[in-house]
Amino acid sequence: RLYAHPHEPRVAYVLSDKSEHWVTRDEGKTWEAFSSPLPATSSGERPLVFHAERSGWILFIGEKCVEESGGWWPLPRLVCHDEAFYVKDGFAKAVRDHKAGDRTGSGIATLLGEGRPVAKCMWARHTKEFEAMAEEAIFCLEIVPASASESTETPDAVSRRQPTGAPMPRVHRRSLVYPHAATQPHAGDGIQMPAAAEAPALASRGLKDGVAGILEGQLARNKVRLLVSEDFFSTKRIIHFGSGNDGAGGDRAGGGVVAFSVVKSYLLAAISHSDSNEMDLFISVDGHTWAESHLPLPPGTEEDAYTILESTQHSVLVDIVTSSTRAFGTLFRSNSNGTYYTQSLEHTHRSKDGLVDVERVHGVEGVIIANQVSNWDQIGKGSIFHREHIELRSRISFNDGAHWRYLRAPAKDIDGKALDCSTDGWHTGECALHLHSVTSTRTPGRIFGSASSAGVVLGVGSVGSKMLGWRACDTFLSRDAGISWTMVHRDAHHVQIADSGSVLVLANDEAPTDTVNYSLDSGRTWGQAALPSKVRVTALFIDDEGLSPVVLAVGMAREGDHNHEQVIVALDFSHSYKAKCSVDPSDPKPGSDMEEFVLHADDNKGSDCVMGHQSRYIRRKPDAACHLSLDRVLVPRQSDCNCARDDFECDYNYELSKDNKCELVGSLVIPHGQCLSAGDRFMASSGYRHIPGNTCLRDKGLVLDKSVDTPCPRVQQPGSGGGGHRNDNGDDGGGTY
């Protein structure tokens, strides 16, 4: 498994299934070996967790397994659990020890102590946006027996009763924690293999094979608690969550913490209930005070499966299962502090592992592509459910999920033949472009664009009323962040965008090849780069921000001295041009090599205000004969716009009606300390809220979110209400009536 360092473009790690691993610090030109105390985890968690500010500070999650036989279970089995370790030097000492013959991994320090099982560990400063805690702060989900308060057994003794993994019967201890919660894999956590091939990153996975099914009813449920330390666990404290919105959640629910994640400037934890599959979602912006989130779910819906999606520092995206088949869910967006959510999109496609086809277009702000289940009303009815019966359509948003539309298909295919999609077909989705996303892509890390690609996006998909299977699709390009598309190659390919959007790379996905296709002029012409021998390419990798002109092709050699061995080939496109582009990264401007790209919200270029401001990006001209090789992402110039309708969305418990107005569908939220006497009035929501992160000029243009003087629907008792959170205006939140 290959993991690029998200904050050091020249650094990447290759982890084996044993205790010997490799690191490169020069974009794959040379590699150094190092050893770890345990093999990297196979539980589905990421084995390397990077600090956002200290590039050498890395958590390593290893897996300890013991083979057992006999006892009440008649067959041999592996018993495994994860343990956490850390380094503060990017494994430099481990490399030196390995060269000196030390294969024990002594240069890698244990975090909680030997034999202490964990489900997950993360730096509080896992993202650059979260700055509320000390840089040493680490959160860990520690696995303990459900009866930990009464048990005198050691964690190791408990783990040896619980089988885990394959080839022999194996159930990792994490698999015995219920219910399900996940975070979407994304490049901010390190480059990975395609998301569809991985288990959820923050997940407690169900028991899925036959042996595990037998064990499910016989083994005691594990319980997980959330710990935090600011001194590498010399001292620690247990996080407590209170009783939640209804007085029966949080700590009182009795099920423990099943999931935890750092998402931009938010900390999120999912708390299970001991007597049901229900979960509560808690959030914190400082690591000390936690509040339960308010989600406007349909009556009878249990919060029993979340996926936390890649969000912004202004709001959180959460997808919740809303179908018995678990094939689709509903996407919700939070207010600025993550406590109140509104519905963004229904029938979002989910995989059986909890991955969701919702992905940001990187390199620009506010653009998201999602796949919907179009035949959702037929799924699971009348016959045995098969996932291949699901029909998907892609939709795109230019205001962070507040409003959605279908992707407009190209006017013609690569051969110049008209595709004949009408405007009505586009608006209804009957003839539109549909792209493979998280659950089915072959692209590791970020799927649509990169942090530095400024509107340049590659995708694999098809034109019509539904998305076709991967092998029946073609490859498409957009240079305006998804407004318009062109077909650039027949068939599906592994795709990547390097050198800040100026190098497009495609690799054959169906057969061994000794070349990869590339374009230096935005797909107008294509060349071929030679590989040393025929390789069955399984993935293309770039650095986390797409700055480097180097692309790593990973696959299995199919001829030569390394036949049937996994190989990594570094393709350096900086040699394609001798000259380096003329641009000042600290003050980028249009010039002989660079052009200006203005992000628009529609294809008639009528609106150049997205998320309340105009953004002007600088990128390389398609015909410029130079390479960029930048060391930073070029920052766009932004200017705020007057507020308009697209800068607002429906508030909590309001939904968009057929006539495009936000109407109340739930109960009014009453602030604490109000409506205490008969005849009182309070300032209620207008039904609209300003989109979190939107910067439109509040004193100019349209104002839709002005509070409305409203009679109190009833008298509320002093101290009653939701409590435990603050709304967007900084006031205490309220109860719902």
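Residues numbered from 1 in each chain as written. Predicted model: local features only at pLDDT ≥ 70, side-chain atom pairs only at ≥ 80, totals over all residues. Heavy atoms only, no water.

1. Here we look at the side chain of Ser 35
Here comes step 1: Along the chain, Ser 35 falls in strand 4 (residues 32–35).
Here comes step 2: We classify Ser 35 as buried; its relative accessible area is 3%.
Here comes step 3: One polar contact links Ser 35 to His 98, side chain to side chain, over a distance of 2.9 Å.
Here comes step 4: For Ser 35, the residues in contact, after removing those within four places along its chain, are Ser 19, Ala 94, His 98, Asp 102, Arg 103, Thr 104, Gly 105 and Ile 108. (Helix = DSSP H or I, 4+ residues; strand = E, 2+ residues; numbered from the N terminus. Buried < 20%, exposed > 50% of the residue type's maximum accessible area, 1.4 Å probe, protein only. Polar contact = N/O pair within 3.5 Å; in protein donor to acceptor, adjacent residues only side chain to side chain. Contact = heavy atoms within 4.5 Å.)

2. Notes on the state of the cysteines
Here comes step 1: What the rule picks out here adds up to 8 disulfides.
Here comes step 2: Each sulfur in the disulfide pair Cys 65 and Cys 80 lies 1.9 Å from the other. What sets the handedness of the Cys 65 and Cys 80 disulfide is the S-S torsion sign, and at about 115 degrees it is right-handed. Here Cys 65 is found in strand 6 (residues 58–68), whereas its partner Cys 80 is found in strand 7 (residues 77–87), with 15 residues between them in sequence.
Here comes step 3: Of the residues examined, Cys 65 reaches a relative accessible area of 35% and is grouped as partly exposed.
Here comes step 4: For Cys 80, a relative accessible area of 0% corresponds to the buried category.
Here comes step 5: Residue pairing for Cys 121: its cysteine sulfur links by disulfide to Cys 140, the two sulfurs lying 2.0 Å apart. Where Cys 121 bonds to Cys 140 through sulfur, the torsion about that S-S bond is close to 115 degrees, and the disulfide is right-handed. Of the two residues, Cys 121 sits in strand 9 (residues 118–123) while Cys 140 sits in strand 10 (residues 138–145), which places them 19 residues apart along the sequence. (Disulfide = S-S within 2.5 Å.)

3. A look at the environment of Ser 677
Here comes step 1: Relative to the assigned elements, Ser 677 resides in the loop between strand 43 (669–671) and strand 44 (681–684).
Here comes step 2: Separated by 37 residues in the primary sequence, Ser 677 and Arg 714 place their C-alpha atoms 8.5 Å from one another.

4. Observations concerning the confidence of the model for the protein
Reading predicted coordinates in detail is not appropriate for stretches of low pLDDT.
Here comes step 1: Mean pLDDT over the protein works out to 83, with 82% of the residues at or above the 70 mark.
Here comes step 2: Between residues 149–181, whose pLDDT stays under 50, and residues either more than four places distant or in other chains, the model counts 126 contacts.
Here comes step 3: For the stretch residues 187–220, pLDDT sits under 50, and the model shows 108 contacts to residues farther than four places along the chain or on other chains. (pLDDT = per-residue confidence, 0-100.)

5. Here we look at the pairing of strand 37 (residues 613–620)
Residues in a regular strand point their side chains to alternate faces of the sheet.
Here comes step 1: Taking burial as the measure, the 8 residues of strand 37 include 7 buried ones, the bulk of the element.
Here comes step 2: Judged from the 5 bridges that link them, strand 36 (residues 594–598) and strand 37 form a sheet pairing that is antiparallel. The partner of Glu 596 across the bridge, within strand 37, is Ile 618.
Here comes step 3: The sheet contact formed by strand 37 and strand 38 (residues 637–640) spans 4 bridges and is antiparallel. Residue His 613 lies in a different strand from strand 38, and its bridge partner there is Asp 640. (Pairing = 2+ DSSP bridges.)

6. Quick notes on unusual backbone geometry
Here comes step 1: With phi around 55 degrees, Ser 500 is a residue other than glycine that occupies positive phi space.
Here comes step 2: Tracing the backbone through its elements, the reader meets Ser 500 in the loop between strand 30 (493–498) and strand 31 (503–508).
Here comes step 3: Unusually for a residue other than glycine, Asn 660 sits at a positive phi of about 70 degrees.
Here comes step 4: As for its placement among the helices and strands, Asn 660 is situated in the loop between strand 41 (654–656) and strand 42 (662–664).
Here comes step 5: Judged by relative accessible area, Asn 660 falls into the partly exposed class, the value being 42%.

7. A closer look at the pattern of salt bridges
It is possible for side chains of opposite charge to pair when their charged atoms get near one another.
Here comes step 1: One pass over the full model with this rule turns up 32 salt bridges.
Here comes step 2: Note that Arg 479 is salt-bridged to Glu 595, the shortest N-O span being 3.1 Å. In this pair, Arg 479 is assigned in the loop between strand 28 (474–478) and strand 29 (486–489) and Glu 595 in strand 36, connecting sequence segments 116 residues apart.
Here comes step 3: A salt bridge links Asp 705 to Arg 698, with the nearest nitrogen and oxygen atoms 2.5 Å apart.
Here comes step 4: Residues participating in the shared-partner salt-bridge network are Arg 333, Arg 360, Asp 400, Glu 649 and Arg 689. (Salt bridge = Lys/Arg side-chain N within 4 Å of Asp/Glu carboxyl O.)

8. Side note on the sheet that holds strand 28
Here comes step 1: Spatial ordering of the open sheet is given by 26-27-28-29, a layout of 4 strands whose pairing is antiparallel. Sheet topology places strand 26 (432–435) and strand 29 at the edges, where each strand pairs with a single neighbour. Across this sheet, the average inter-strand angle for adjacent strands is 55 degrees, counted without regard to direction.
Here comes step 2: Examined bridge by bridge, strand 26 and strand 27 (residues 457–464) share 4 bridges and lie antiparallel to one another. Across the sheet, Leu 435 pairs through a bridge with Gly 461, a residue of strand 27. (Axes fitted to C-alpha atoms, helices over the stretch in contact; angles between N-to-C directions.)

9. Observations regarding the environment of Arg 225
Here comes step 1: As for its placement among the helices and strands, Arg 225 is situated in strand 12 (residues 222–229).
Here comes step 2: We classify Arg 225 as partly exposed; its relative accessible area is 29%.
Here comes step 3: Counting along the chain gives 84 residues from Arg 225 to Leu 141, while the straight-line C-alpha distance between them is 5.6 Å.
Here comes step 4: The residues touching Arg 225, leaving out its near neighbours within four places in the chain, are Arg 116, Cys 140, Leu 141, Glu 142, Val 144, Ile 238 and Val 257.

10. Some remarks on the sheet that holds strand 32 (residues 513–519)
Here comes step 1: In spatial order, the strands read 30-31-32-33-34-35; together these 6 strands make up an open sheet with antiparallel pairing. The open sheet has two edge strands, strand 30 and strand 35 (566–572), and neither has a second partner. In this sheet, neighbouring strand axes are inclined to one another by 45 degrees on average, regardless of whether the strands run parallel or antiparallel.
Here comes step 2: One ladder, built from 7 bridges, connects strand 34 (residues 550–557) with strand 35; its direction is antiparallel.

11. Considering the environment of Arg 524
Here comes step 1: Mapped onto the elements, Arg 524 comes out in the loop between strand 32 and strand 33 (527–541).
Here comes step 2: Spatially, the C-alpha atom of Arg 524 lies 8.0 Å from that of Val 488, the residues being 36 residues apart in sequence.

12. Observations regarding the pairing of strand 16 (residues 279–284)
Here comes step 1: Across the 6 residues that make up strand 16, a large majority, 6, are buried.
Here comes step 2: Because side chains alternate across strand 16, one face comprises the buried residues Met 279, Leu 281 and Ile 283, and the other comprises Asp 280, Phe 282 and Ser 284, equally buried.
Here comes step 3: Two elements, strand 15 (residues 266–273) and strand 16, share 6 bridges in a ladder whose sense is antiparallel. The residue bridging Ile 271 from the neighbouring strand is Asp 280, located in strand 16.
Here comes step 4: Strand direction decides the pairing type here: strand 16 and strand 17 (residues 291–292), joined by 2 bridges, are antiparallel. Bridge pairing links Phe 282 to Glu 292 in strand 17.

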